[in-house]
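Examining the three-dimensional arrangement
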Amino acid sequence: MTRSRSLYRRIYSIFIYPHDHQRIVSLEDLKKAAADGSINAMFELGQFHALGVSAAVDEEESFKWYKAAANLGHTASEYMVGECYSNGIAVEINDLEAVLWYVRAAEKGDRRSIGAISLYTENYFDFNAAAAFDHYSSKIKEGDTGASYMLSRFHFYGIGTPPDIDVSFKLCETAAEKGHIDAMCELAVMYRNGVGAEKDHDKAYELFRRAAEQGHRTAPLALIRCHAEGIGVEKDEKKAFEMISALADTGSADAEYELGRYYLEGIGTEADPHYAFGWFSVASNHGSVDALYGLAQCYQRGRGADRDRKKAVELYKTASDLGQKDAMVSLSHMYADGRDVPKNENEAFKWMLAAAEHDSEYAQFAVARRYTEGKGVSKDDREALKWFLRSAQNGNAAAQFNVAEAYMNGRGVKRDEKKGYSWFLRSAKNGYHRSQYHVGVCLSKGAGVAKDIDAAFEWHMLAANSGYGKSQYFIAQCYSGGRGAAKDDKKALEWYVKAASTGHVLAQYYAGHHYANGIGTKPDEAAAIKWYTRAAKQGHTYSRQLIEECCNKKVIPVKEMTPFEKHMDEAINGDAESQYIIGRYYEEGIGIEKDVNEAKKWYTKAALQGHFNAEKAMTIYVKQQK
């Protein structure tokens, strides 16, 4: 009894969360609130009985309430339940149960739980993923809501079972419906990113709101992001700034860091690097690892503090060692570029891999690309697919496209057109133009899905209206042949010209053919020669013959495309990475004359698709203008 009383008294002072300033102190009020589903009240009831606040210490009653709150995702209670199983308080000692409860809290960054797991690991406790999966599976039958949530994570990441997004979503949905606050937040993220379900920003916002009301630590920050970005609610950066300011005033280190970021980037307020540095410093003193990353940015860029690149690198490394994934990504790029550190591709890969393992969807995509290209690591199609899949599961549309291609081509996995189409469709619904084109191709050919030329036309039209040349060519052919749309030579020519303008060689030939023969327009020899010549220069044999016959002029095909031309071709067709690279070419004058305006244009295109470095580049430009 003395041991447990001491333990409870020690732990009671540890878990004071931002919402605890509204703690209920009346035992009757606590019981009523707990009966109404308040997990904070459940936790407080556990504390009342553990400490003997108004009656004798009752370990069994205390454990019952801790367990009830833990089953709904209360972090402090999850740790307490782990302690009970570890020390035999109110239950028999059970090391597996203890570790699995610690895991639930550690997943959310709870340092006490992370430390407890480390102690078990040091004592050679064997954590078996398959055994953990079986354990949670059996707990679901006992009505353990938290087990449903944890199994959803296991299915999401492929722990002890092959990854399955659909199963993960359903389990998460079940747990959320039963009031599990972590499940609410994860489900909200899935709806926000279109993972496991259609994108639904309204549902995402409502789930974040419910979790915040129940006291989830990070849900208020997610709600504020919704207001800042217009997710499920009208975009209002000023309101978001007011909300984050109020939350920071409660002493939340996470909110203090975010407020610093708002000041640094000028979100909802005038940019003020000095205020940003100040809030980063406050958050850092309160234990925010993110704030170390913020301070590193300030020192590296000389914003809010004197430029000190050596100190910036030190802070990036410290933050990275503590698990800050954006700092890891920054270090990776610094080593890749040789900026402020010696150029080292192996180090660049190491830090990008670390960020990927910490669930950065951008880093997961970058690691996959490195495995595909053999950059800083040996080429490995299986490893590439593994990381493309992880990034795809986190909502990265470009990664979803790459997963689809892998299944379609049997690259790193057994060929499966049905799965390939499914991933193309997910990516297409997330607005990725190349995937919209491929969904159209699959539908027109019946690859992985029933053939449907009308549906194919609609998907190609989406991509075509966004400037994707291959889809513009398909639309032109549909109008020309009366497939998927009524035959219309005038519209066919219109789309051939659009596709031809992106460099599509066959579209250039057909544009020339239409002008030469007056199809959909009056005959126009000059226009016909123009498009035949462009096609001929790209190696189209028949166009070259036509030009040589009618103009008595030899056409020499252009040499192989330069890296700039290749990236430009991909950039025009919607590839975010190539758009970013073209931006860098223009910014630094690589193979082209420097042009800041062109650099901004291509950075913006990439940033709108969520490209991490393009977003950073545009942020820097915006701040420089201010």
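Just so it is clear, the model here is predicted, and its values are computed rather than measured.

How each quantity is defined
- Numbering of residues begins from 1 in every chain and follows the order in which that chain's sequence is written.
- Predicted model: local features are reported for residues with pLDDT of at least 70 only, side-chain atom pairs are reported and counted for 80 or more only, and whole-chain, interface and lining totals are derived from all residues.
- Processing note: side-chain calculations cover all non-hydrogen atoms of the structure and skip hydrogens and water entirely.
- The helix count covers DSSP runs of H or I at least four residues long, the strand count covers runs of E at least two residues long, and both are numbered beginning at the N terminus.
- Buried means the residue's accessible area, taken with a 1.4 Å probe over protein chains only, is under 20% of the maximum for its type, while exposed means over 50%, and partly exposed covers the values in between.
- Surface exposure here means Shrake-Rupley accessible area, sampled with a 1.4 Å probe, where a residue is shielded only by the protein chains that are shown.
- Lines fitted to the C-alpha atoms define the axes, with helices restricted to the stretch that makes contact. Angles between their N-to-C directions range from 0 to 180 degrees.
- Oblique is the label for any angle not under 35 degrees, not over 145, and not in the 65 to 115 range, which are roughly parallel, roughly antiparallel and roughly perpendicular in turn.
- Helix crossings fall into two classes, left-handed where the near helix is turned counterclockwise from the far one by less than a right angle and right-handed where it is turned clockwise.
- We call two residues contacting when some pair of their heavy atoms lies within 4.5 Å.
- Amino acids outside the nonpolar list (Ala, Val, Leu, Ile, Met, Phe, Trp, Tyr, Cys, Pro) and the charged list (Asp, Glu, Lys, Arg) are all regarded as polar, and Gly is one of them.
- In the analysis that follows, any N or O atom pair within 3.5 Å is treated as a polar contact, provided that within protein one partner can donate a hydrogen and the other can accept it, and provided that, for residues neighboring in sequence, both atoms belong to side chains.
- Salt bridges are defined as contacts in which a side-chain nitrogen from Lys or Arg sits within 4 Å of a carboxyl oxygen from Asp or Glu.
- Under the convention used throughout, the expected extent of a helix is 1.5 Å for every residue step, that is, one less than its residue count.
- Note on aromatic contacts: the rings of Phe and Tyr and the six-membered ring of Trp form a pair at centre separations within 6.5 Å, being stacked when their planes are under 30 degrees apart, edge-to-face when over 60 apart, and tilted otherwise.
- For a ring to carry a charge above it, either NZ of a lysine or CZ of an arginine must fall within 6 Å of the ring centroid while also lying within 35 degrees of the normal to the ring plane.
- A patch consists of residues exposed above 30% relative accessible area that lack any salt bridge, with like charges linked at up to 9 Å and nonpolar side chains (Val, Leu, Ile, Met, Phe, Trp, Tyr) linked at up to 5 Å.
- In this count, Lys and Arg are taken as positive residues and Asp and Glu as negative ones, while His and the chain termini are left out.
- By convention, the charge on Lys lies at NZ, on Arg at CZ, on Asp at CG and on Glu at CD.
- The definition of a nonpolar core used throughout is a set of buried Ala, Val, Leu, Ile, Met, Phe, Trp, Tyr and Cys residues joined through side-chain atoms within 4.5 Å.
- What pLDDT reports is the predictor's confidence in each residue, on a scale of 0 through 100.
- The disulfide definition used here is simple: a pair of cysteine sulfur atoms within 2.5 Å.

As a further point, take the overall build of the protein chain. What the protein chain contains, in helices and strands, is 35 helices and zero strands. Across its three principal axes, the protein chain shows a C-alpha extent of roughly 105 × 60 × 45 Å. In the protein chain, which comprises 626 residues, the proportion classed as buried is 50%. Accessible area for the protein chain stands at about 28,900 Å²; split by element, carbon and sulfur atoms hold 49% of it.

This paragraph deals with the packing of helix H15 (residues 253-265) against helix H16 (residues 273-285). Look at H15 against H16: their axes get within 7 Å of each other, and the N-to-C directions meet at 165°. One way to sum up the angle between H15 and H16 is to call them roughly antiparallel. Once H15 is placed against H16, the crossing between them reads as left-handed. Between H15 and H16, the residues in contact are Ala253, Glu256, Tyr257, Leu259, Gly260, Arg261, Tyr263 and Leu264 and Pro273, Tyr275, Ala276, Trp279, Phe280, Val282 and Ala283, respectively. The residue makeup of the contact of H15 with H16, split by class, is 12 nonpolar, one polar and two charged.

So, about the packing of helix H13 (residues 219-229) against H15. Their axes nearest at 11 Å, the elements H13 and H15 cross at an angle of 20°. One finds that H13 runs roughly parallel with respect to H15. Crossing angle aside, the handedness with which H13 passes H15 is right-handed. When H13 is examined against H15, the residues Leu221, Ile224 and Ala228 are found in contact with a partner set consisting of Asp254, Ala255, Glu258 and Tyr262.

Moving on, we get to the side chain of Asn193. With respect to the secondary-structure elements, Asn193 resides in helix H11 (residues 181-193). A polar atom in the side chain of Asn193 sits 3.5 Å from the backbone oxygen of Asn394. When near neighbours in sequence (up to four residues on either side) are disregarded, Asn193 contacts Lys199, Asn394, Gly395 and Asn430.

Inspection of the entire model under this criterion finds 30 salt bridges. Of the charged contacts, one joins Glu78 and Lys108 as a salt bridge, the two residues approaching to 2.8 Å between their closest N and O atoms. You can see Glu78 sitting in helix H5 (residues 75-87) and its partner Lys108 sitting in the loop between helix H6 (95-106) and helix H7 (111-122), a full 30 residues away along the chain. A salt bridge links Glu345 to Arg370; the nearest nitrogen and oxygen atoms lie 3.1 Å apart. Taken together, the positions of Glu345 in helix H20 (residues 345-357) and Arg370 in helix H21 (residues 361-373) put the pair 25 residues apart, joining distant regions of the chain. Assessed through its relative accessible area of 23%, Glu345 is described here as partly exposed.

This part covers unusual backbone geometry. Only a minority of non-glycine residues have a phi that is not negative, and only a minority of peptide bonds are not trans. One non-glycine residue, Asp340, lies in positive phi territory at about 70°. Here Asp340 shows up in the loop between helix H19 (325-337) and H20. One non-glycine residue, Asp359, adopts positive backbone phi at about 75°. Its location among the elements puts Asp359 in the loop between H20 and H21.

In this section: helix H17 (residues 289-301). If you check H17, its first and last C-alpha atoms are 19 Å apart, about what 13 residues at 1.5 Å a residue would give, namely 18 Å. A large share of H17 lies buried, amounting to 11 of its 13 residues. When we look at burial in H17, the residues that qualify are Val289, Ala291, Leu292, Tyr293, Gly294, Leu295, Ala296, Gln297, Cys298, Tyr299 and Gln300. The opening residue of H17 is Ser288, an N-cap whose side-chain oxygen sits 3.4 Å from the backbone nitrogen of Asp290.

Attention now goes to H6. The terminal C-alpha atoms of H6 lie 16 Å apart, and with 12 residues this matches the ideal 16 Å at 1.5 Å per residue to within 8%. Within the sequence span of H6, burial applies to Glu97, Ala98, Val99, Leu100, Trp101, Tyr102, Arg104, Ala105 and Ala106. Where H6 is buried, its residues contact helix H4 (59-70), H5, H7, helix H8 (129-141) and helix H9 (145-157). Taking the backbone nitrogen of Leu96 as reference, a side-chain oxygen 3.2 Å away marks Asn94 as the first, capping residue of H6.

This paragraph deals with the environment of Lys311. Secondary-structure assignment places Lys311 in helix H18 (residues 309-321). Take Lys311: its relative accessible area is 35%, and that puts it in the partly exposed class. Separated by 254 residues in sequence, Lys311 and Val57 have C-alpha atoms that sit 51 Å apart.

With that settled, consider the packing of aromatic side chains. Using the criterion set out here, one finds 25 aromatic pairs in the structure. Clustering of aromatic rings is evident, with ring pairs tying together Tyr473, Tyr496, Tyr509, Tyr510, Tyr532 and Tyr542. A cation sits over an aromatic face here: Arg426 above Trp423, 4.4 Å from the ring centre.

Let us look at a positive patch on the surface. Residues Lys530, Arg534, Lys537 and Lys553 make up a contiguous surface patch of positive charge. Take Lys553: its relative accessible area is 53%, and that puts it in the exposed class.

This part takes up the nonpolar core. Soluble globular proteins tend to pack their nonpolar side chains together in the buried interior. If you look at the biggest cluster of nonpolar residues, it comprises 113 residues, and the most contacted ones within it are Tyr262, Tyr316, Val367, Val403, Val439 and Tyr479. Here this core gets nine residues from one element, more than from any other, and that element is helix H23 (residues 397-409). Excluding residues that lie within four positions of it along the chain, Val367 makes contacts with Phe349, Met352, Leu353, Ala356 and Trp387. With 46 residues, the next largest nonpolar core counts Trp65, Tyr136, Ala176 and Cys185 among its residues.

To continue, consider the side chain of Arg153. Within the secondary structure, Arg153 sits in helix H9. With sequence-adjacent residues up to four places away left out, Arg153 is seen in contact with Glu107, Ser168, Glu186 and Met190.

The next subject is the environment of Ala485. Looking at where Ala485 falls in the secondary structure, it is placed in the loop between helix H27 (469-481) and helix H28 (489-501). Taking the C-alpha atoms as reference, Ala485 lies 8.8 Å from Ile475; in sequence the two are 10 residues apart. Contacts of Ala485, omitting those with residues within four sequence positions, involve Phe457, Cys478 and Tyr479.

Turning our attention to the confidence of the model for the protein chain. When pLDDT drops low, the exact placement of atoms in the prediction is not to be read closely. Summing up the model confidence of the protein chain, the mean pLDDT is 88 and the portion of residues at 70 or higher is 92%. Note that residues 1-24 has pLDDT below 50 and, in this model, 47 contacts with residues that lie over four places away or in other chains.

On to the state of the cysteines, then. Applying the stated criterion across every chain yields a total of zero disulfides. Free of any disulfide, Cys442 has its nearest cysteine sulfur in Cys478, 15 Å distant.

Before going further, it helps to spend a moment on the environment of Arg112. Assignment of secondary structure puts Arg112 in helix H7. In this structure Arg112 comes out as partly exposed when scored by relative accessible area, which is 40%.

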